[in-house]
Amino acid sequence: MAILVTGGAGYIGSHTVAALLDLGEEVVVIDNLQTGHREALLGGKLYEGDLRDKELLAKLFIENDIDAVIHFAASSLVGESMQNPVKYYDNNVLGALCLLEAMDAANVRKIVFSSTAATYGEPEKVPIVEGDRTEPTNVYGETKLMMERMMSWFDKVLGIKYVALRYFNAAGAHASGRIGEDHRPESHLIPLVLQAALKQRENIAVFGEDYPTLDGTCVRDYIHVSDLADAHYRGVNYLRNGNESNVFNLGNGQGFSVKEVIETAKKVTGLDIPVVMQERRAGDPATLVASSDKARTILGWNPSHDNLDSIIQSAWSWHQFHPQGYEE
């Protein structure tokens, strides 16, 4: 039986596909390749297309013996979501609805969902735990929360069990160096910093240094992409073992400031990284750090990359030898 990975040619999706293949799982991928990369797939059977294409989804489930789904396919740029909410409700919410409809028709009853810490909005306290208030401050986070609520009702009414994984800042690259992070445009801090080290951009902008943190810059919880892939597989096996639907945070439980990330990148690369200070961006919380105690206890998940140096080193190994990403 196979695991279907939606958005499997994307950053986290491709690392999860690689992990599943290493574990001997049969993998089927659906991806429209708008933001994913065919070259990022190290194996599996690819269907190029959109989740909202109901005929393609039906064909996929007919042609393959799907046991469970890992759902990554979604638009995920916070800024863009606030400029084009129609795209996010259409792609994220409608896409998930079409997927769940196809799963129900094919009698597939297990889904692991790539959710986000953006479902919490401004945290009430740190570290954030799963039972904390969910009040998203942007359209992207709201669509992900709607997808979680949709899955909850599909569980209650149709018996489709789900695991929602709310994670924070994905980073790093595969140990082989064959796949890594290549977004167009890039919006994540670590690859932006490494692009500055490679002189692909003049500097790295730091937005605000007057936050109530140790050095005045925002603090975030960084988690290695391979550790995220491991958590998604553990989520599949959790459902395979007959457990009830659940929600888990994923993070290292340790926050690093923007300045700490830049200084660590300087140390790892041995290169100068010019910094330009700018005003705060609206909606940036000072500190976002997860408590992953629940995932550790119930899923048996323990991140193997638990320090910033190793996360940035793996990312640097990818960017150094793939300065143009997959275009090479």
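In what follows, the structure referred to is the one given above.
Worth saying up front: this structure is predicted, and the values here are computed from it rather than measured.

1. What about the environment of Met1?
For step 1, the next point in the chain: Along the polypeptide, Met1 turns up in the segment before strand S1 (2-6).
For step 2, the next point in the chain: Note: C-alpha distance between Met1 and Gly325 (324 residues apart in sequence) is 33 Å.

2. Examining the side chain of Ser75
For step 1, the next point in the chain: Note that Ser75 resides in the loop between strand S4 (66-71) and helix H3 (78-83).
For step 2, the next point in the chain: In this structure the side chain of Ser75 is engaged in a polar contact, spanning 2.7 Å, whose partner is the side chain of Asn91.
For step 3, the next point in the chain: Beyond its immediate stretch of four places on either side in the chain, Ser75 contacts Lys87, Tyr88, Asn91, Asn92 and Tyr140.

3. Description of the pairing of strand S10 (residues 246-250)
The side chains of a regular strand alternate between both faces of the sheet.
For step 1, the next point in the chain: S10 sits mainly inside the fold: five of its five residues count as buried.
For step 2, the next point in the chain: Burial along S10 is two-sided: the residues Asn246, Phe248 and Leu250 and Val247 and Asn249 are all buried.
For step 3, the next point in the chain: In this structure, strand S6 (residues 161-167) lies alongside S10, joined through five bridges in parallel fashion. When the sheet's bridge partners are listed, Ala164 is paired in S10 with Val247.

4. Re the packing of aromatic side chains
For step 1, the next point in the chain: Tallying each qualifying case throughout the model produces two aromatic pairs.
For step 2, the next point in the chain: Judged by centre distance (5.8 Å) and plane angle (90 degrees), the rings of Tyr238 and Phe248 are edge-to-face. Here the residue Tyr238 occupies a position in helix H7 (residues 225-240), and Phe248 occupies one in strand S10, the gap between them amounting to 10 residues.
For step 3, the next point in the chain: Here Arg280 stacks its cationic end above the ring of Tyr211, 3.9 Å away from the centre of that ring.

Calculation criteria
Residues numbered from 1 in each chain as written. Predicted model: local features only at pLDDT ≥ 70, side-chain atom pairs only at ≥ 80, totals over all residues. Heavy atoms only, no water. Helix = DSSP H or I, 4+ residues; strand = E, 2+ residues; numbered from the N terminus. Polar contact = N/O pair within 3.5 Å; in protein donor to acceptor, adjacent residues only side chain to side chain. Contact = heavy atoms within 4.5 Å. Buried < 20%, exposed > 50% of the residue type's maximum accessible area, 1.4 Å probe, protein only. Pairing = 2+ DSSP bridges. Phe/Tyr/Trp six-rings, centres within 6.5 Å; stacked < 30°, edge-to-face > 60°. Lys NZ or Arg CZ within 6 Å of the ring centre and 35° of its normal.

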